[in-house]
Amino acid sequence: MRYCKKCVMPNTRPGISFNEDGICSACQAYENRKNVNWENRWKELESICDKYRGMNGDAPDCAIAVSGGKDSYYQVYLMKYLLNMNPILFSVEDNFPMTNAGVHNLKNLSEEFACNIVSMKPNIQAQKKIMRYMFEHYGKPTWYIDRLIYTYPLYMANKFNTPLIVYGENVSYEYGGKDANETYSARNQLSNGVASEVDEAELIENTGVSSKDLYFTRTPKDEELNKLDPIYISYFVQWNSFKNYEFAKKHGFHDLTHEWDRTHHVENFDQIDSRAYLVHSWLKYPKFGHGAATDYSSRMIRYGLITREEGIEKVRKFDHALDPKCVQDFCEFCNYSEAEFWKIVDSLYNKDLFEKNEYDCWVLKRPIWKKL
Ligand SMILES: [Zn+2]
């Protein structure tokens, strides 16, 4: 494992690349913001909106894919109040028990910005079957939900005749990943590796779900996709998770203060809707040797909020420590005992990156804090 010289990201993050100075592609993208003419970018966004504004009379003229999180607040405000669009919001609500903050934030989004939200509550039976299989075989338990978060807004945008469909950040470009091009078009989002297509025959054979259960996880047909104009807001404005959070708070967004102090996160405002969901993102740790603490510490370093040394301390303290509440909720939903859960997790550790210590715990062979 090698680590970026500026932030704390290792080269094991899928799709990330390093330049000859040892700087990761996410830090390079951030650095490159200086060279962008943001006024021109904003004008580009205005002219895209001009094409679609009012196209359906009083019916919605654009769609926004939302989760109810801090970024959703910013996106909705920007489209509705700065660009005078009439958005409809599409969201996928997973079936895990939600936090109080999660319940409040989605409801408040509609109340604060006066918007209609069309939500999908996915098929629970299919979700459970697929979750168990994807967890045990690939370490990707929430694949089904993550996939729907990408595909569902595309199906709905066609139904509502809202070709302009707005996403937040281009994850690959902003944070490092596959196909990391600087582009406004979110057309290739489905292939960014977060929830790539899987072999349907394999799922049907091994989980007992039907072909019909998988309908909404499919990439819409080309003729349907070609009617749409999906865009990333992060191309047009200087995207910053912390700024979005501060903005959202002023509009009634709740973080996890006084509700839940998570043991494997370094902030309390990102991905806060449900506990069980976080098992998936934490599994990056056994598979690739870094988790949410690495992701957020890297962003904080780039944004100038902490030093690299402070980031390294956060990674050391938090990254490995999956929160027990996440495990409890996850096991209850999928019907595992906690012993079964940890046995599966044990099988997912990457032996090239980890070794067992004297307490029979997996530890990184080359952690960032170890001077070599
Ligand atoms: Zn970096």
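Please refer to the structure placed before this passage.
Calculation notes
Residues numbered from 1 in each chain as written. Predicted model: local features only at pLDDT ≥ 70, side-chain atom pairs only at ≥ 80, totals over all residues. Heavy atoms only, no water. Helix = DSSP H or I, 4+ residues; strand = E, 2+ residues; numbered from the N terminus. Rg over C-alpha atoms; globule rule 2.2 N^0.38 Å. Buried < 20%, exposed > 50% of the residue type's maximum accessible area, 1.4 Å probe, protein only. Contact = heavy atoms within 4.5 Å. Axes fitted to C-alpha atoms, helices over the stretch in contact; angles between N-to-C directions. Parallel < 35°, antiparallel > 145°, perpendicular 65-115°, else oblique. Nonpolar A, V, L, I, M, F, W, Y, C, P; charged D, E, K, R; others polar. Donors = N, O, S within 2.8 Å, 3.2 Å for Na, K, Ca; no water. Tetrahedral: all angles 85-135°; square planar, octahedral: opposite > 155°, others 65-115°. Polar contact = N/O pair within 3.5 Å; in protein donor to acceptor, adjacent residues only side chain to side chain.

Student: Explain the overall build of the chain here, please?
Tutor: Of the regular secondary structure elements, the chain holds 16 helices and 7 strands. Computed over its C-alpha atoms, the radius of gyration of the chain comes to 21 Å, within 12% of the 21 Å expected for a compact globule of 372 residues. Along the three orthogonal principal directions, the C-alpha set of the chain runs to about 70 × 50 × 40 Å. When the 372 residues of the chain are sorted by exposure, 55% land in the buried category. Expressed as a percentage of contacts within the chain between residues at least 6 apart in sequence, the contacts between residues at least 24 apart total 74%.

Student: Please clarify how the packing of helix α3 (residues 70–82) against helix α10 (residues 241–249) should be interpreted in this entry.
Tutor: The contact between α3 and α10 brings their axes to 8 Å, and the two run at 75°. Taken together, α3 and α10 sit at an angle that is classed as roughly perpendicular. Listed contacts from α10 to Lys70, Asp71, Tyr73, Tyr74 and Tyr77 of α3 are Ser241, Asn244, Tyr245, Phe247 and Ala248. Split into classes, the residues belonging to the contact of α3 with α10 amount to 6 nonpolar, 2 polar and 2 charged.

Student: How do you make sense of the coordination of the zinc ion when you look at a structure like this?
Tutor: Distances from the zinc ion to its protein donors, Cys4 (SG), Cys7 (SG), Cys24 (SG) and Cys27 (SG), fall at 2.3 Å. Note that the zinc ion binds 4 donor atoms; their angles at the metal cover 104 to 114°, and the shape is tetrahedral. Of note, the zinc ion draws all its donor residues from one chain, in the sequence arrangement C-x2-C-x16-C-x2-C. Separated by 17 residues along the polypeptide, Cys7 in the segment before α1 (25–32) and Cys24 in the segment before α1 bring together distant segments of the chain. Comparing Cys7 with Cys24, the two get one shared label, buried.

Student: Is there a simple way to explain the side chain of Lys70 in this structure?
Tutor: Following the sequence through the fold, Lys70 ends up in helix α3. Engagement of the side chain of Lys70 in a polar contact is seen with the side chain of Asp270, the distance being 2.8 Å.

Student: Please explain the packing of helix α5 (residues 124–138) against helix α15 (residues 324–334) as it appears in this structure.
Tutor: Packed helix pairs are specified by the crossing angle of their axes together with the interaxial distance, meaning the distance between the axes. Packing of α5 against α15 brings their axes to within 10 Å, and their N-to-C directions diverge by 115°. Contact residues: α5 offers Ile124, Gln127, Lys128, Met131, Arg132 and Phe135, while α15 offers Phe330, Phe333 and Cys334. When its residues are assigned to classes, the contact of α5 with α15 shows 6 nonpolar, 1 polar and 2 charged.

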